[in-house]
Amino acid sequence: MDVIVGGGVVGLSLAWRLAREGRPVTLVDPAPASGASHAAAGMLAPVSEVTYTEVPLLRLGVASLRRWPAFAAELAADAGLAGPEALDLRSEGTLDVAFGADDLAALDELAAYLEKLELPVRRLTGRECRRLEPMLAPSVRGGLLAVGDSWVDPRRVTAALLAALDRRGVQLVRARVGELLRDGGRVTGVRLEPPGGDDRRAELRAERVILAAGAWSAGLAEVPVRPVKGQIMRLRSPQPLLTRCVRGTVHGTPVYLVPRGDGELVVGATQEEMGFDTRVTAGGLYELLRDARELVPGVTELEVSDVVAGLRPGTPDNLPLIGPSGTPGLALATGHHRGGVLLAPLTADILLGEEGELAAMCSPGRFRDIS
C-alpha cells in the first residue's frame, strides 16, 4: 500500500490517479485542501511565467498543461460532475501588459525569446490590448498575449478530487504525521501525531510513503524545501471585469488578475521569505490593490470576498522534487513552489512511472543527502 502524506492538489491528485489504477492508497492530512492549494489562483501559465533561467521548469509546465484537458475531464467524471467546465477550466490565454518604454522593450525581448522556443505568443499594441480587455488602464502601451495559457479554480479542483476519492473508497486519515517509520535504512510507514489529550500514537505501515506535504516536507525528511509566503485577494463583481488573465509589472513587482466564471477576480500574489508566517497583513493587501489598480482601475469598486495567505514550497532551483528519494520506501512529490496546480497531472504521471526524460529533470537525486 502507498501512504501519501499531504492533501493539497498534488497529494490528492496522486491518490486519485493511484486509485484509478486499482492500487491501494491511504492519504494522511489533518485538513485536506486547506493550504497552498486553497490560496492559489490556479494559473496554468507556463509561457507567461517563464524566466530566462528556468527553461527546464518551462518544459515541465508545458508538458503538464497539455495533460490538463484530459485530467479535468476524467476528474469531473469520477467526481460525478456535469463536465470539466464545472472546474472553471478556461484557456483564453494570459495578457502581459506594459506601461512604459522600458516595459515594452522587456516584452519585446521576451517575445523574441519565446518565439525562438516556438511558443505561441502575439505582440499587441496598447489599442489592441484594450480591444481585448476594455477595462485596462488607458496608459497601457502594449502587451504580449500567451495564447496557450489557461487557468482553473483550484478550490473546485480539490473539492472534486475529494469527491472522487470518496467515490472510489480511498481511505482519508485526518491526522498529522509526526515522523516517518524506519526499519534499518528503509522507510516502512508513518507515525501519526496523537489527538489532543491522547498519548497513543497510531502507525500506518506502507510499501511506499510519498511525501507531498508542501512547505512542511522538510519537517519529515531532509529535503531542500522552504516556505515562501504568498498573500492573495479575491474580489467580486456582478459583471466580469476581465475575460482572460492579465498580468504586469508595477513598481518593480509582478501582479496578476485571474477572472472566474462566477464573477470572482483573484488578485495576487506577494512573494515573501517569512518562514511559516501565514498572517494576512495590511501592507501586503495594500500593495496588491495598489498594483492591480494600475492595471485595471475598476478593481477598487469591487467587493472584497476573501483574503488569504498561503505557503508555497520552494526549492533552491525552483524545480520540484518528484520521484524516488534515494531512501528505499520513500518517494517525493514536493517543492512545486508556484506550480503545484499546473504540475499536478505531470507529477502523477511521473510517480506512476509514465515519464522518462521529464522525470529525470525533477529527480530528487540532483540534491544529495535526501532521506
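Here the structure is a predicted model, which is why all the values come from computation and not from measurement.

Peer 1: Teacher, can you tell me more about the nonpolar core here?
Peer 2: One broad rule of soluble globular proteins: the nonpolar side chains tend to lie buried together. In terms of nonpolar packing, the biggest core is built from 50 residues, with Ile4, Leu14, Leu60, Trp68, Leu75, Val157 and Ile210 touching the most fellow members. Those elements giving two or more residues to this core turn out to be helix H1 (9-20), strand E2 (25-28), helix H3 (55-79), helix H6 (154-167), strand E19 (330-334), helix H8 (340-351) and helix H9 (357-361). Tallying contributions element by element places H3 first for this core, with 9 residues. What Leu60 contacts, discounting residues up to four positions off in sequence, is Leu319, Pro320, Leu343, Leu346, Leu358, Met361 and Cys362. Of all hydrophobic cores here, the second largest spans 26 residues; its members include Leu124, Leu257, Ala292 and Val296.

Peer 1: Honestly, the sheet that holds strand E17 (residues 303-314) in this entry has me stumped. Any pointers?
Peer 2: Working definition: the strands of a sheet are paired by backbone hydrogen bonds and lie parallel or antiparallel to each other. Judged by pairing direction, the sheet is mixed, and its 8 strands sit side by side in the order E5-E6-E4-E14-E15-E16-E13-E17 without closing on themselves. Each edge of the open sheet carries a strand with a single partner, namely strand E5 (121-125) and E17. Put simply, the sheet's adjacent strands are angled 20° from each other on average, direction ignored. Where strand E14 (residues 245-250) and strand E15 (residues 253-259) come together, 5 bridges link them in antiparallel fashion. Counterpart to Thr249 in the pairing with E15 is Pro254.

Peer 1: Explain the environment of Leu107 here, please?
Peer 2: Counting through the fold element by element, Leu107 comes out in helix H4 (residues 101-116). In this structure, the C-alpha to C-alpha distance between Leu107 and Gly93, residues 14 residues apart in sequence, is 16 Å. For Leu107, the contacting residues outside a window of four places in its chain are Asp96, Val97, Ala98, Gly142, Gly143 and Leu144.

Peer 1: Hey, could you run me through the layout of surface pockets in this one?
Peer 2: Empty space left among the atoms is revealed by rolling a probe the size of a water molecule over them. A volume near 160 Å³ is recorded for the second largest pocket. Counting only elements with at least two residues in the lining of the second largest pocket, the list comes to E15 and helix H7 (282-295). Of all the elements, H7 adds the most residues to the lining of the second largest pocket, at 4 residues. Among the residues making up the lining of the second largest pocket, the classes are represented as 4 nonpolar, 4 polar and 3 charged.

Peer 1: Just checking my understanding: could you explain the sheet that holds E2 for this structure?
Peer 2: Spatially, the 6 strands line up as an open sheet ordered E8-E2-E1-E12-E19-E18, and their pairing is mixed. What marks the edges here is a single partner per strand, and that holds for strand E8 (171-173) and strand E18 (321-324). Taking the axes of each pair of neighbouring strands and ignoring which way they run, one obtains an average angle of 20° across the sheet. As judged from the 4 bridges shared by strand E1 (residues 2-5) and E2, these two strands associate in the parallel manner. Bridged to Ile4 within E2 is Leu27. The sheet strands contacting H1 are E1, E2, strand E12 (208-211) and E19, and the helix crosses E2 at an angle near 165°.

Rules behind the numbers
Residues numbered from 1 in each chain as written. Predicted model: local features only at pLDDT ≥ 70, side-chain atom pairs only at ≥ 80, totals over all residues. Heavy atoms only, no water. Core = buried A, V, L, I, M, F, W, Y, C linked by side-chain atoms within 4.5 Å. Buried < 20%, exposed > 50% of the residue type's maximum accessible area, 1.4 Å probe, protein only. Helix = DSSP H or I, 4+ residues; strand = E, 2+ residues; numbered from the N terminus. Contact = heavy atoms within 4.5 Å. Pairing = 2+ DSSP bridges. Axes fitted to C-alpha atoms, helices over the stretch in contact; angles between N-to-C directions. 1 Å grid on protein atoms, 1.4 Å probe; cavity = no way out; pocket = protein on both sides within 12 Å on 5 of 7 lines; lining within 4 Å. Points joined across faces, edges and corners; volume = space filled by probe spheres on them. Nonpolar A, V, L, I, M, F, W, Y, C, P; charged D, E, K, R; others polar.

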